[in-house]
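Take a look at the letters that make up each chain.
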Amino acid sequence: MDAFFHTFFDVNQMLAVLPTLLTEGIKNTLIIAVSAALLGLVIGLLLAVMMVSRLWFLNIPARIYVDVFRGLPAILTISLVGLGLPAAGIRPFGSSPIGYAILAVALISAAYCAEVFRSGIQSVDQGQMQAGRSLGMSYLQTMRKIIVPQGIRNVLPALTNRFIIDIKESSLVYLLGLTVGERELYFIAHQQQSITYNSSALVAAGLCYLLMTVPLTYLVNWWDRRLRSGRRRPSAARIGLMEG
Amino acid sequence: MTVATETDAPVHTSTPAAIELRGIHKSFEHREVLTGVDLTVAPQEVVCLIGPSGSGKSTLLKCINLLQPPTSGSILINGEELTAPGADANLARSRVGMVFQHFNLFPHVDVLANVTVALRTVKRIPKAEAERIARQQLERLGLSAHVHSRPADLSGGQQQRVAIARALAMDPQVMLFDEATSALDPELVKGVLNVMRELAESGMTMVVVTHEIGFAREVADRVVFMDGGRIAEEGPAREVLTAPRTDRLKEFLSQVL
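In this text, all values refer to a predicted model and were calculated from it rather than measured experimentally.

### Some remarks on the overall build of chain B
Inference 1: Summing up its helical and strand segments, chain B has nine helices and ten strands in all.
Inference 2: Computed over the C-alpha atoms, the radius of gyration of chain B is 18 Å, within 12% of the 18 Å expected from 2.2 N^0.38 for a compact globule of 257 residues.
Inference 3: When its C-alpha atoms are laid out on the principal axes, chain B stretches across 50 × 45 × 40 Å.
Inference 4: Within chain B, buried positions represent 53% of all 257 residues.

Have a look at this one:
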């Protein structure tokens, strides 16, 4: 039992790695996760609008993108982007792996965001599009001003959920080989563990992840409940559809 | 269009009809909903479309502003053909106001923004001017106290009046009403009908799909009875409603009156 505690909960080991985790690790984890999430949101929204389009040259490519990036293991996508692109001479972010890491996580995130946005957009009553068009607004203007803002509101909890996954998936970029200063939580702990053969650093990193993800999880739950219960009266149009 | 040919001279004046529908057919999948409708509406005329549900009156209304483009046939608004290739449907729609059965207000913004959004995005009117126009319309419809309310916090009658204000703010040449009072509680119907009556009296060209036969008799210049996707009978409101010629209309009126 002593060995167990020593392996996972050695306080000295934890304290040794903690400053690096807090100053360097959390910062880089958040840089990767937040940048990837934002980029993923933008690409995802674009994909969603393409997916609900009736034009095949818009909806089919978007559909394929989503199927591919949702279907691949994250670690494979990260390897392809982070190791593959620079090796192929495509180096938009120079030699630092951070840019590739962000891009890879964003590409994955975008596929999931796209599905979330699509369901949000399709949950908006059809009468909203008719009303916008009847006023002379174009399809895209109605999408931008009327449909998308309402669709996003319904899926904010789901998007936050995706951000939690982005935080966790950012750990996979360790395989790109980060240098001092750009290491994220898992990489730091992993390095420490491979030197000391003691897992306490990993436990410390784990606590850092939980520090970020658990409060977010509760935020999502609270938000979701509020959107459901505090929702204003359902629109007459929807009641009408159910009755008719 | 304004040039009258000898064989096809306009009956009344040289000004084009507000709305002219020629040979409108509309099919959904394999079901033909409109089977050849011709209808001309003069400027300032108020036409009520009545008929049993499924007769195609709402579909016909939505054909007029191309919300549901006809399968074949042509549509002219003030002599401009909307169905011509290359016609700007968005521009045409901005000149045709429409009021829906279920209001279809934008629930995520307040009343004022409901009215200004099209002014700003379609007509590119600056914010302050758009809000001035919107407030003016809202005041006209007795909604000044609700400028900053959310649609969901208003009664059905108020919501429908906001929807009318939203359409009127675009300064339309024609207004289309699609069963505008059907979704309202009975005590709220009158208020909305009064607004529509005042609008008619102010000289607005209107096409009104309605089940309110009393309103049709009182306000409409002409009543068009639709049945089975075509116009079964039409004429001056009083004539058509008090002395129907076809058995089908007699039967319909006996059921709704």
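Right, picking up where we left off after that structure.
### A look at the overall build of chain A
Inference 1: Looking only at helices and strands, chain A features ten helices and zero strands.
Inference 2: Going from N to C terminus, chain A has its helices and strands arranged as α-α-α-α-α-α-α-α-α-α.
Inference 3: Judged by the C-alpha coordinates and their principal axes, chain A covers about 70 × 45 × 25 Å.
Inference 4: Within chain A, the fraction of its 244 residues that count as buried is 47%.
Inference 5: Here chain A displays about 12600 Å² of accessible surface, and carbon together with sulfur accounts for 66% of that area.

### A short note on the sheet that holds strand β5 (residues 80-81) of chain B
By definition, the strands of a sheet pair up through backbone hydrogen bonds, in either a parallel or an antiparallel sense.
All names here are of chain B.
Inference 1: With respect to topology, four strands assemble into an open sheet ordered β2-β1-β4-β5, the strand pairing being antiparallel. Two strands lie at the open edges of the sheet, namely β2 (31-41) and β5, each paired on one side alone.
Inference 2: Bridge analysis of strand β4 (residues 72-77) against β5 gives two bridges, and the strand direction is antiparallel. Paired with I77 across the two strands is E80, which belongs to β5.
Inference 3: Relative to the sheet, helix α1 (residues 57-64) contacts β1 (19-28), β2 and β4, its axis offset from that of β1 by approximately 120°.

### Let's talk about the confidence of the model for chain B
Inference 1: When pLDDT is averaged across chain B, the result is 91; 95% of the residues are at 70 or more.
Inference 2: Among the prediction metrics, the complex's ipTM stands at 0.89, with pTM recorded as 0.83.

### Comments concerning helix α9 (residues 247-256) of chain B
Note: α-helices contain 3.6 residues per turn, so residues at a spacing of three or four share the same orientation.
Residues and elements named next belong to chain B.
Inference 1: Within α9, the full set of buried residues consists of L249, F252 and L253. Along α9, the residues classed as buried sweep out an arc of 95° about the axis, all on the same side. Exposed residues lying more than 90 degrees from the buried face of α9 are D247, S254 and Q255.
Inference 2: Along its buried surface, α9 packs onto β3 (46-50), α7 (213-219), β9 (222-227), β10 (230-236) and α8 (237-242).

### Here's the deal with the side chain of B:T210
Residues and elements named next belong to chain B.
Inference 1: Inspection of the secondary structure puts T210 in the loop between β8 (205-209) and α7.
Inference 2: Here the side chain of T210 touches E212 through a polar contact of 2.9 Å, landing on its backbone nitrogen.
Inference 3: Setting aside its immediate chain neighbours within four residues, T210 contacts C48, L49 and I50.

### Here we look at the nonpolar core
Inference 1: One finds B:I19, B:M175, B:F177 and B:M206 to be the most contacted residues of the largest nonpolar core, which totals 103 residues.
Inference 2: Take this core: its biggest share by element is seven residues, from helix α6 (residues 186-201) of chain B.

### Regarding the interface of chain B and chain A
Inference 1: Every contact between the two is made by 29 residues of chain B and, on the other side, 22 residues of chain A.
Inference 2: Taken over both partners, the interface formed by chain B and chain A buries close to 2200 Å², and the fraction arising from carbon and sulfur atoms is 58%.
Inference 3: Joining chain B to chain A, the criterion identifies zero salt bridges.
Inference 4: At the junction of chain B with chain A, the criterion picks out seven residue pairs in polar contact (both at pLDDT 80 or more).
Inference 5: When residues of the side of chain B that touches chain A are traced back to their parent elements, those giving at least two are α2 (89-94), β6 (96-99), α3 (111-121) and α5 (156-168) of chain B.
Inference 6: Taken together, the residues of the side of chain B that touches chain A sort by class into 15 nonpolar, eight polar and six charged.

### Some thoughts on the pattern of salt bridges
Inference 1: The final tally for this structure, using the stated rule, is 19 salt bridges over all chains.
Inference 2: The shortest N-O distance in the salt bridge between A:E115 and A:R118 comes to 2.8 Å. A residue pair is termed a helical-turn pair when its members lie 3 or 4 positions apart in one helix, as A:E115 and A:R118 do in helix α5 (residues 97-122) at three residues.
Inference 3: Looking at A:E115, the relative accessible area reads 12%, which means it is buried.
Inference 4: A salt bridge links B:R248 to B:E251; the shortest N-O distance between them is 3.7 Å. Here the residue B:R248 and the residue B:E251 both occupy positions in helix α9, the gap between them amounting to three residues, near one helical turn.
Inference 5: For B:R248, a relative accessible area of 29% translates into the label partly exposed.
Inference 6: One salt-bridge network, held together by shared partners, links A:R63, A:D67, A:R70, A:E115 and A:R118.

### A closer look at the packing of helix α3 (residues 56-71) of chain A against α5(A)
All names here are of chain A.
Inference 1: The interhelical angle for the contact between α3 and α5, taken along N-to-C directions, is 125°, at an axis separation of 8 Å. Put simply, α3 runs oblique to α5. Like other packed secondary-structure pairs, α3 and α5 cross with a definite hand, here left-handed. Note on element contacts: α5 touches α3 through L107, I108, A110, A111, Y112, A114, E115 and R118, opposite R63, Y65, V66, F69 and R70.
Inference 2: Here the contact of α3 with α5 is composed, by residue class, of nine nonpolar, no polar and four charged.

### Brief notes about the confidence of the model for chain A
All names here are of chain A.
Inference 1: Of all residues in chain A, 93% attain a pLDDT of 70 or more, and the chain-wide mean is 89.
Inference 2: Model confidence for chain A, summarised as mean pLDDT per element, is weakest for helix α10 (residues 236-243) at 37 and strongest for α3 at 96.
Inference 3: Overall, residues 232-244 carries pLDDT values under 50, and its contacts beyond four positions in sequence, including any with other chains, amount to 17 contacts.

### Re a positive patch on the surface
Inference 1: On the surface, A:R144, A:K145, B:R120 and B:R124 cluster together into a positively charged patch.
Inference 2: With respect to the helices and strands, the residue A:R144 is situated in helix α7 (residues 139-169).

Cut-off values and rules
Residues numbered from 1 in each chain as written. Chains lettered and ligands numbered in written order. Predicted model: local features only at pLDDT ≥ 70, side-chain atom pairs only at ≥ 80, totals over all residues. Heavy atoms only, no water. Helix = DSSP H or I, 4+ residues; strand = E, 2+ residues; numbered from the N terminus. Rg over C-alpha atoms; globule rule 2.2 N^0.38 Å. Buried < 20%, exposed > 50% of the residue type's maximum accessible area, 1.4 Å probe, protein only. Areas by Shrake-Rupley, 256 points an atom, 1.4 Å probe, with all protein chains shown as cover. Pairing = 2+ DSSP bridges. Contact = heavy atoms within 4.5 Å. Axes fitted to C-alpha atoms, helices over the stretch in contact; angles between N-to-C directions. pLDDT = per-residue confidence, 0-100. Arc of directions from axis to C-beta. Polar contact = N/O pair within 3.5 Å; in protein donor to acceptor, adjacent residues only side chain to side chain. Core = buried A, V, L, I, M, F, W, Y, C linked by side-chain atoms within 4.5 Å. Buried area = accessible area lost by both parts, 1.4 Å probe. Salt bridge = Lys/Arg side-chain N within 4 Å of Asp/Glu carboxyl O. Nonpolar A, V, L, I, M, F, W, Y, C, P; charged D, E, K, R; others polar. Parallel < 35°, antiparallel > 145°, perpendicular 65-115°, else oblique. Left-handed = near helix turned anticlockwise from the far one by under 90°. Patch = residues over 30% accessible without salt bridge, like charges linked within 9 Å, V, L, I, M, F, W, Y side chains within 5 Å. Lys, Arg positive; Asp, Glu negative; His and termini not counted. Charge placed at Lys NZ, Arg CZ, Asp CG, Glu CD.

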